[in-house]
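# Structural overview for review
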Amino acid sequence: MNQLFQFLLRQRNFLLFFVLELISLWSVFKYNDYQRTLYFNTTNQWVASLLAQKQEVQNYYQLREINRELAFENAQLRQEVFQLKAKQTPDLTLPYYISEAVLNRYQPVACKVIDLTTQQSQNYLTIDKGTKDGLHPGMAVISSTGVVGKILSCTENLSMVISILHINNTVSAKLKSSGELGYVKWAGWQPEVAEMMDVSKYKKVVKGDTVVTSDYNAVFPPNVPIGIVAKLGLKKDGNFHDIKIMLLTHFSTLQYVYVIKNRLAWQQAKLEQSKPKLD
């Protein structure tokens with residue numbers, strides 16, 4: 001306490017000057033309309049600017065929650081799309097009935113991407129769901145615009161996805177306009193470009209056609225977009241089209257994906273494993 005008094009005593013001249021300055025400033029703004037108006041306008045601008053910056057910061061952090069909610073809503077809408085597509089059938093001479101189990105076969109699960117690569121020859125993603133959420137290896141992974149890959153391995157809370165941008169990963173595909181079958185494979189360099197393989201040169205292919213997953217795909221639901229035909233040519237052997245497609249999934253900005261739970265996958269696998277072996 002004595003040290004405090006000594007300090008105030010040493011600084012008494014400065015403190016007296018400071019108090020008198022405050023009184024002078026108060027008098028100026030108190031008894032002069034122009035200075036008082038200028039003071040209030042300036043302080044109001046400062047306060048408004050600070051409040052605006054605060055609101056921008058709050059909005060930025062709220063975007064994460066908004067994006068998460070939108071991803072879950074999109075998952076519900078995508079399930080409805082799968083159901084509607086399952087009901088669509090070509091004109092048949094006989095009546096066709098689709099069971100409730102087949103109609104609700106696919107269930108999307110929204111997941112956040114927490115890590116990914118695009119510049120390697122073998123690229124992967126890590127997502128924030130695992131076995132605890134009902135995921136397991138082999139499940140399809142798509143984005144809001146197209147195919148992403150399939151789950152390679154899982155822990156309790158995380159999963160690793162082998163990307164379509166992987167030189168050893170292929171996706172059974174077809175041309176949307178004609179239904180011509182083939183498969184999509186990434187060449188290993190441009191993350192926006194892949195190739196559609198095994199399409200006979202005698203089949204009609206046009207630029208701008210959409211490439212989608214085939215009806216006989218063991219991993220992906222049918223008719224999920226993959227890419228757009230961007231360039232046509234002939235392979236060196238002269239028997240197949242050389243088709244370059246622009247992938248519809250933008251991996252560089254990918255934040256959320258949808259893992260597709262196939263409720264009938266185990267039944268299909270069991271049936272196919274029970275095929276009799278012919279001598």
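Here, every reference points to the structure presented above.
Residues numbered from 1 in each chain as written. Predicted model: local features only at pLDDT ≥ 70, side-chain atom pairs only at ≥ 80, totals over all residues. Heavy atoms only, no water.

A few words on the side chain of Lys 174. Examined against the element boundaries, Lys 174 turns out to sit in strand E6 (residues 170-175). For Lys 174, a relative accessible area of 11% translates into the label buried. One polar contact links Lys 174 to Asp 215, side chain to side chain, over a distance of 2.6 Å. Polar side-chain contacts of Lys 174 include one of 3.1 Å to the side chain of Asn 223. Sequence-distant contacts of Lys 174, defined by excluding residues within four places in its chain, comprise Gly 179, Glu 180, Leu 181, Met 196, Thr 210, Val 211, Val 212, Thr 213, Ser 214, Asp 215 and Asn 223. (Helix = DSSP H or I, 4+ residues; strand = E, 2+ residues; numbered from the N terminus. Buried < 20%, exposed > 50% of the residue type's maximum accessible area, 1.4 Å probe, protein only. Polar contact = N/O pair within 3.5 Å; in protein donor to acceptor, adjacent residues only side chain to side chain. Contact = heavy atoms within 4.5 Å.)

Once that is clear, we can look at the pairing of strand E11 (residues 241-247). With five of its seven residues buried, E11 lies for the most part within the structure. Where strand E8 (residues 193-197) meets E11, four bridges bridge the pair, whose relative direction is antiparallel. Of the residues in E11, the one forming a bridge with Val 193 is Met 246. The pairing of strand E10 (residues 225-234) with E11 spans seven bridges and is antiparallel. By the bridge assignment for E11, Val 229 is matched with Ile 245. A loop of six residues connects E10 with E11, the two strands running antiparallel in sequence, and Gly 238 in this loop sits at a positive phi of about 75°. (Pairing = 2+ DSSP bridges.)

The tally for this structure, following the rule as stated, stands at six salt bridges. Close ionic contact of Asp 242 with Lys 235 constitutes a salt bridge, the shortest N to O distance being 3.7 Å. Judged by relative accessible area, Lys 235 falls into the partly exposed class, the value being 23%. Here Lys 244 and Asp 242 are joined by a salt bridge, their closest N and O atoms 2.8 Å apart. Salt bridges sharing partners connect three or more residues here, namely Glu 195, Lys 235, Asp 242 and Lys 244. (Salt bridge = Lys/Arg side-chain N within 4 Å of Asp/Glu carboxyl O.)

Within the secondary structure layout, Thr 210 lies in strand E9 (residues 210-213). Beyond its immediate chain neighbours, meaning those up to four positions away, Thr 210 contacts Lys 174, Leu 175, Lys 176, Gly 227 and Ile 228.

Turning our eyes to something else, we now look at the nonpolar core. Membership of the largest hydrophobic core comes to 41 residues, with the highest contact counts inside it found for Ile 164, Val 211, Ile 226 and Ile 245. Sorting elements by how many residues they give to this core places strand E1 (residues 106-116) first, with five residues. In contact with Ile 226, not counting residues within four places along its chain, are Val 147, Ile 164, Val 171, Ala 173, Val 184, Val 211, Val 212, Thr 213, Ile 245, Met 246, Leu 247 and Leu 248. (Core = buried A, V, L, I, M, F, W, Y, C linked by side-chain atoms within 4.5 Å.)

Read around the closed barrel, the six strands follow the order E6-E7-E8-E11-E10-E9; overall the barrel is antiparallel. Put simply, the sheet's adjacent strands are angled 40° from each other on average, direction ignored. Inspection of the sheet shows E9 paired to E10 by three bridges, in the antiparallel sense. By the bridge assignment, Thr 210 is partnered in E10 with Ile 228. (Axes fitted to C-alpha atoms, helices over the stretch in contact; angles between N-to-C directions.)

Under the counting rule described, the total for this entry stands at zero disulfides. A disulfide-free cysteine, Cys 111 has its sulfur positioned 9.6 Å from the sulfur of Cys 154, the nearest such atom. The exposure class assigned to Cys 111 is buried, which follows from its relative accessible area of 1%. Residue Cys 154 is classed as partly exposed on the basis of its relative accessible area, which comes to 23%. (Disulfide = S-S within 2.5 Å.)

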